[in-house]
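# A look at the structure
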Amino acid sequence: GRATGTLMKADQVVRDVAARTWELHGNVLLQAGKKKTLRTEDLYWEREAGRVYGEGWVEINDQGQRLSGRGFEALDDLSRYSIFEVSGGMDAD
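In this text the structure is predicted, and so the values were computed from the model without any measurement. (Residues numbered from 1 in each chain as written. Predicted model: local features only at pLDDT ≥ 70, side-chain atom pairs only at ≥ 80, totals over all residues. Heavy atoms only, no water.)

## A few points about the overall build of the protein chain
Broken down by element type, the protein chain carries zero helices and seven strands. Helices (α) and strands (β) of the protein chain occur, in sequence order from the N terminus, as β-β-β-β-β-β-β. Buried residues in the protein chain amount to 32% of all 93 residues. Restricting the contact set of the protein chain to residue pairs at least 6 apart, pairs at least 24 apart contribute 28%. For the protein chain, the computed accessible surface area is about 6,000 Å², with 44% contributed by carbon and sulfur atoms. (Helix = DSSP H or I, 4+ residues; strand = E, 2+ residues; numbered from the N terminus. Buried < 20%, exposed > 50% of the residue type's maximum accessible area, 1.4 Å probe, protein only. Contact = heavy atoms within 4.5 Å. Areas by Shrake-Rupley, 256 points an atom, 1.4 Å probe, with all protein chains shown as cover.)

Here you go:
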C-alpha cells in the first residue's frame, strides 16, 4: 500500500501473498535513489514493515562509502541499516 521509491532486481523472486513477504535470490540489487545500493545473493523483504534482511554476504554503497560483511537488516529505502560482521571502510568526512 505504499511506494518505496526503491528499485529491486534479482535472478529469482518468490512472493508469499499470505505472509506478505518476498524472497529475492541471485545477483540481488536494491537501489534507493542515485547514491545508495545494496548487493547480496539472498534478501528477504517484509514490504508492509519496510524491512529487508539477510544472513549472507552483503555490500552497501552509501554515497561513495562502501561497507561489506555478513548478515544485515535495513529499511527498504536504505535510510537505516546494520551490517553484523563488517569489513570495509568509511571516510571521516
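## Brief notes about unusual backbone geometry
Of note, the phi angle at glutamine 63 is positive, near 55°, even though the residue is not glycine. One can find glutamine 63 in the loop between β5 (51-62) and β6 (65-75).

## Section: the nonpolar core
Counting residues in hydrophobic clusters, the biggest one holds 15 residues, and the most contacted among them are Leu30, Leu38, Leu43, Val52, Val58, Phe72 and Leu78. At four residues, strand β3 (residues 21-32) tops the list of elements feeding residues into this core. (Core = buried A, V, L, I, M, F, W, Y, C linked by side-chain atoms within 4.5 Å.)

## Focus on the pattern of salt bridges
The full count for this structure, using the stated rule, is four salt bridges. The partner of arginine 51 in a salt bridge is glutamate 73, and the shortest N-O contact between them spans 3.7 Å. Here the residue arginine 51 occupies a position in strand β5, and glutamate 73 occupies one in strand β6, the gap between them amounting to 22 residues. Of the residues examined, arginine 51 reaches a relative accessible area of 28% and is grouped as partly exposed. On the basis of relative accessible area, glutamate 73 is assigned to the partly exposed category, the value being 34%. A salt bridge links arginine 66 to glutamate 59, with the nearest nitrogen and oxygen atoms 4.0 Å apart. Salt bridges linked by common partners bring Glu46, Arg51 and Glu73 together as one network. (Salt bridge = Lys/Arg side-chain N within 4 Å of Asp/Glu carboxyl O.)

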